[in-house]
Amino acid sequence: MQYDCQTCGACCYGPEDYVTVVSTDRLRMRTQTQARYVEQRGDRAWLKMLHGHCAALRARQGHFSCRMYGERPNVCRVVTEGSRECLDARRRRGVVDG
Ligand code: SF4
Ligand code: SF4
């Protein structure tokens, strides 16, 4: 089965504490990227969420892309097309296979 991330975006939808940011993630993020997307709460940090999805997700007319793709955190990098996390996210969002 082939999955097209650009017509899906399902794994970028979730609750407020969905995308954890750790210190090693910050090393690859530019200062302005952190200022725009990272929310620090106490000693922990997450990516900001907006309308139920990561604030860095560009969702337009059924087309999805990541505004910080090269700088995205590790938790995003482990979600590859067809992985268990991918299939779970697609199921949650009701994305139809095929
Ligand atoms: S990894 Fe899977 S859930 Fe995430 S955008 Fe790609 S196809 Fe969709
Ligand atoms: S950083 Fe990019 S890949 Fe990760 S959840 Fe946000 S939009 Fe999706």
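For the structure itself, consult the block above.
Keep in mind that this is a model prediction, so the values were computed, not measured.

Caption draft 1: The arrangement of the site of ligand 2 in detail. Surveying the vicinity of ligand 2 reveals the residues C12, V19, L47, C54, A56, L57, C66, M68, R72 and C76. Here the shell around ligand 2 is built from residues that sort into 9 nonpolar, no polar and 1 charged.

Caption draft 2: The packing of aromatic side chains, seen in detail. Enumeration according to the criterion identifies 0 aromatic pairs in this entry. In this structure, R72 is placed above the aromatic ring of Y69, and the distance from its NZ or CZ to the ring centre is 3.9 Å.

Caption draft 3: Focus on the nonpolar core. Among the nonpolar cores identified, the biggest contains 12 residues, and these are V19, V21, M29, Y37, V38, A45, L47, M49, C54, A55, A56 and M68. The residues contacting V19, other than those within four sequence positions of it, are A45, W46, L47, M49, P73, V75 and C76.

Caption draft 4: Local environment of the sheet that holds strand β2 (residues 38–41). Here 3 strands make up an open sheet; going across it, the order is β1-β3-β2 and the pairing antiparallel. The open sheet terminates on both sides in strands that have one partner only, identified here as β1 (20–21) and β2. In this structure, β2 lies alongside strand β3 (residues 44–47), joined through 4 bridges in antiparallel fashion. Bridging across to β3, Q40 finds its partner in A45.

Reading the values: rules and limits
Residues numbered from 1 in each chain as written. Chains lettered and ligands numbered in written order. Predicted model: local features only at pLDDT ≥ 70, side-chain atom pairs only at ≥ 80, totals over all residues. Heavy atoms only, no water. Near = heavy atom within 4 Å. Nonpolar A, V, L, I, M, F, W, Y, C, P; charged D, E, K, R; others polar. Phe/Tyr/Trp six-rings, centres within 6.5 Å; stacked < 30°, edge-to-face > 60°. Lys NZ or Arg CZ within 6 Å of the ring centre and 35° of its normal. Core = buried A, V, L, I, M, F, W, Y, C linked by side-chain atoms within 4.5 Å. Buried < 20%, exposed > 50% of the residue type's maximum accessible area, 1.4 Å probe, protein only. Contact = heavy atoms within 4.5 Å. Pairing = 2+ DSSP bridges. Helix = DSSP H or I, 4+ residues; strand = E, 2+ residues; numbered from the N terminus.

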